[in-house]
Amino acid sequence: MSHSNFDIYGNKVIIHLNDKLCFTTEDVLNSELFKRVLTDCVAELKHKNSILLHIFPPASPKGQNEIDLLIKSFKFLSKNSADLLPGAVPGSDVLLRDKYLLNDFIEYLYNFWRSMERFVVCDSAGRDLDQRPYRTFNNVVEPLSHLIRSTYRDIAENLTKQHPRIYRQVIAGAEVGVITSPKRVNLPAGVYDKLQGIPIIRQILLYPPLILDTPMNKRTGKFEPVAQNPLELVDLHKQEWLCYPAKVGPLVILVYFHKRFFELGLSLCNLFDMADDQDLERKPDAVFTFGTPGGALDKLAKMPTVFYDDKSHNLLVGAVPGRDEFGYFGYLKKMILTLHNIKIMKMGLLPFHGAMVRIVLKGNKDVTVLLMGDTGAGKSETLEAFRTLGEQYIQDIVVIADDMGSLSIADDGKIIGKGTETGAFLRLDDLQPGYALGQIDRAIIMNANQVNARIILPVTTFNNLIMGHKVDFILYANNYEEIDEDHPIVEKLTSPDAAIKIFRDGTVMSKGTTTSSGIVHSYFANVFGPVQYKDMHEKLATRYFDAFFKAGVFVGIIRTRLGLSGWERNGPQEAAKEFLRIIQQ
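Residues numbered from 1 in each chain as written. Predicted model: local features only at pLDDT ≥ 70, side-chain atom pairs only at ≥ 80, totals over all residues. Heavy atoms only, no water.

(A) The arrangement of the overall build of the protein in detail. For the protein, the count of helices and strands is 15 helices and 27 strands. For the protein, whose C-alpha radius of gyration is 27 Å, the value lies close to the compact-globule estimate of 25 Å for 585 residues. Of the roughly 23900 Å² that the protein leaves accessible, carbon and sulfur atoms contribute 49%. On the protein, the mean spot of the 67 positive side-chain charges and the mean spot of the 69 negative ones are 1 Å from each other. (Helix = DSSP H or I, 4+ residues; strand = E, 2+ residues; numbered from the N terminus. Rg over C-alpha atoms; globule rule 2.2 N^0.38 Å. Areas by Shrake-Rupley, 256 points an atom, 1.4 Å probe, with all protein chains shown as cover. Lys, Arg positive; Asp, Glu negative; His and termini not counted. Charge placed at Lys NZ, Arg CZ, Asp CG, Glu CD.)

Here's what the structure looks like:
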């Protein structure tokens, strides 16, 4: 691999492949990437003043000569015993003064490499790799892991003359493999030409659990509508970007992300289905550039997480700057959902911020319930409690929406619900003990050692979220009120006016998942579209709440108590128990 085949960006290494990868130990040790990783590793040890650098003489500068000496020595040790090394590599005798210290250095180097977030991008231009993804992944990405492991083991064994008794088959190569295509997309001419030629992801290979540390662990502010198309202000270097074509409910949104945020952009695969070739033939509903370079967006709004409504092309355009303060998955996910919600409203549908499931009781009675409420209100947690508590009553639970979706009114007056995401972006703290571990073989985990640690998990299929389900219950998730005679766990509301006021107020006890805390209010618990298009949403909400009551939907409040100290787990469980009792009547 030549230098131009990889990028190192912070703790990320991105290997770009137009041709085959290294396939021998010698290829690995001769590569510019290995030299760069070794150099960075020695620099880190030098900064720490580590005893591992005692493999060199005390006066050694630990510069390029030492790096070259290590590479030559490792190449020899990959095939030969350490006893022969001094005769083959001049100057290498100093490394062998303490073989076990050198072995510790090799171990540190191996772990230093594995501590990086590692991505391989396979460009299928002219080679149709996306038409045979399994073979591509099997012939390119899989062997890299084996090759690096065996290189490390061969060197260590030839140095110490000992075989390990315990072999750990860790993923030593790439954690994520990507196949891209230079496919032209159906976008208007003019400013959108800047997006043509950015490689479009066609397949992704993950080795879960993927453990990521992102620059930020909270989101702040809302997305601002602006009067100018952000694409007019930015220059995009196409080789630095990828496109994840997301299926967001019935919409297709092209999400372009910069290499600075590769780990976040590629994590979308656990949340949204990927558009197929047929989806890409039609014009997308929105485009979104995540990681926009420079300060171009700062002049558009105080909070430069912005979107533009291009009415002349019937296209929405989102943009978020490429700075660490925006390096949180919530900015990516919620902008996508904001664009979805605006487009949905323009289509005459009502977006919701909530979780929707179809619960099939034993005896084949089934209900579809929508829990609406803001972040931290207890929506996902209550649904998870249904799953764990209801085994004796519940036959199946089908997730339709975990966070966002839309409602429509059928010709016969029934209320029909659809979702947007096939996955869930959940707080680890709020899950049942052991739940995350039970799902860890599919998980992407972010900022595991911090407050608001998150996990992204697949929870449903695209077919389940898009087919449309008749809604029977619409409940506002109230996480802040205690239970008493006047405030039952589940309370039925009696009129559209009473209901719309509670849903419009959007009251919640903030859990600190954004930058707010305490009791807060947000319009319909949804700052992702409705608040920016309040006039349009207000008309839709009035029409839809009347329709809920006409259709006989149970509209009410479910008190989860998730925001009250001591009720973080038991509150959603009690809410789930009471709701199960009601639907069994």
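(B) Looking closely at the pattern of salt bridges. Here the structure, examined in full by the defined rule, presents 28 salt bridges. Here Lys333 ties to Asp403 by a salt bridge, and the two come within 3.0 Å at their closest N and O atoms. Of the two residues, Lys333 sits in helix H9 (residues 329–346) while Asp403 sits in the loop between strand E16 (394–401) and strand E17 (404–409), which places them 70 residues apart along the sequence. You'll find Lys333 and Asp403 in the same group, each marked buried. (Salt bridge = Lys/Arg side-chain N within 4 Å of Asp/Glu carboxyl O. Buried < 20%, exposed > 50% of the residue type's maximum accessible area, 1.4 Å probe, protein only.)

(C) Structural detail: unusual backbone geometry. With omega at 0°, the peptide bond leading from Pro208 into Pro209 counts as cis. Summarising the element assignment, Pro209 is placed in the loop between strand E5 (200–206) and strand E6 (210–212). Its identity is not glycine, yet Asn447 carries a phi of approximately 55°, on the positive side. Along the chain, Asn447 falls in the loop between strand E20 (444–446) and strand E21 (454–458).

(D) Just the nonpolar core, in detail. Leu407 and Phe548 are the most contacted members of the largest nonpolar core, which totals 80 residues. It is H9 that provides the largest number of residues to this core, a total of 10 residues. Grouped together as the second largest cluster of nonpolar side chains are 53 residues, Val37, Cys41, Leu109 and Ala174 included. (Core = buried A, V, L, I, M, F, W, Y, C linked by side-chain atoms within 4.5 Å.)

(E) Representation of the packing of helix H2 (residues 32–48) against helix H5 (residues 99–114) within the structure. Closest axis-to-axis distance for the H2/H5 pair is 10 Å, and the angle between their directions is 110°. As summarised for this structure, H2 and H5 are arranged roughly perpendicular, according to the angle between their axes. In terms of crossing hand, the pair formed by H2 and H5 is right-handed. Facing H2, whose interface residues are Leu33, Phe34, Val37, Leu38, Asp40, Cys41, Val42, Glu44, Leu45 and Lys48, H5 presents Phe105, Tyr108, Leu109, Phe112 and Trp113. The residue inventory of the contact of H2 with H5, partitioned by class, reads 12 nonpolar, no polar and three charged. (Axes fitted to C-alpha atoms, helices over the stretch in contact; angles between N-to-C directions. Parallel < 35°, antiparallel > 145°, perpendicular 65-115°, else oblique. Left-handed = near helix turned anticlockwise from the far one by under 90°. Contact = heavy atoms within 4.5 Å. Nonpolar A, V, L, I, M, F, W, Y, C, P; charged D, E, K, R; others polar.)

(F) Structural context of the sheet that holds strand E19 (residues 423–427). Across the sheet, which stays open at both edges, the four strands sit in the order E6-E20-E21-E19 with mixed pairing between neighbours. The open sheet has two edge strands with one neighbour each: E6 and E19. Averaged over all neighbouring strand pairs, the angle between strand axes comes to 20°, with direction disregarded. Pairing of E6 with E20 involves three bridges; the strand directions are parallel. From the neighbouring strand, Leu212 faces E20, where its bridge partner is Met446. (Pairing = 2+ DSSP bridges.)

(G) Quick look at the pairing of strand E4 (residues 176–181). Along E4, six of the six residues are buried, which leaves the element largely enclosed by surrounding structure. Covered by surrounding structure in E4 are Val176, Val178 and Thr180 together with Gly177, Ile179 and Ser181, the residues of both alternating faces. Here five bridges tie strand E3 (residues 117–123) to E4, and the two strands are oriented parallel to one another. When the sheet's bridge partners are listed, Phe119 is paired in E4 with Val176. Both E4 and E5 contribute to a ladder of six bridges, which runs antiparallel. Within E5, the position partnered with Thr180 by the bridge is Ile201.

(H) Spatial organisation of the packing of aromatic side chains. Here the structure, examined in full by the defined rule, presents 19 aromatic pairs. Their ring planes at 65° and their centres at 5.9 Å tell us that Phe288 and Phe290 sit as a pair that is edge-to-face. Connected via pairs of aromatic rings, a cluster forms that spans Tyr476, Phe503, Tyr523, Phe524, Phe545 and Phe548. Sitting over the face of the ring of Trp567, Arg561 holds its NZ or CZ atom 3.8 Å from the ring centroid. (Phe/Tyr/Trp six-rings, centres within 6.5 Å; stacked < 30°, edge-to-face > 60°. Lys NZ or Arg CZ within 6 Å of the ring centre and 35° of its normal.)

Coordinates in, geometry out; function isn't part of it.
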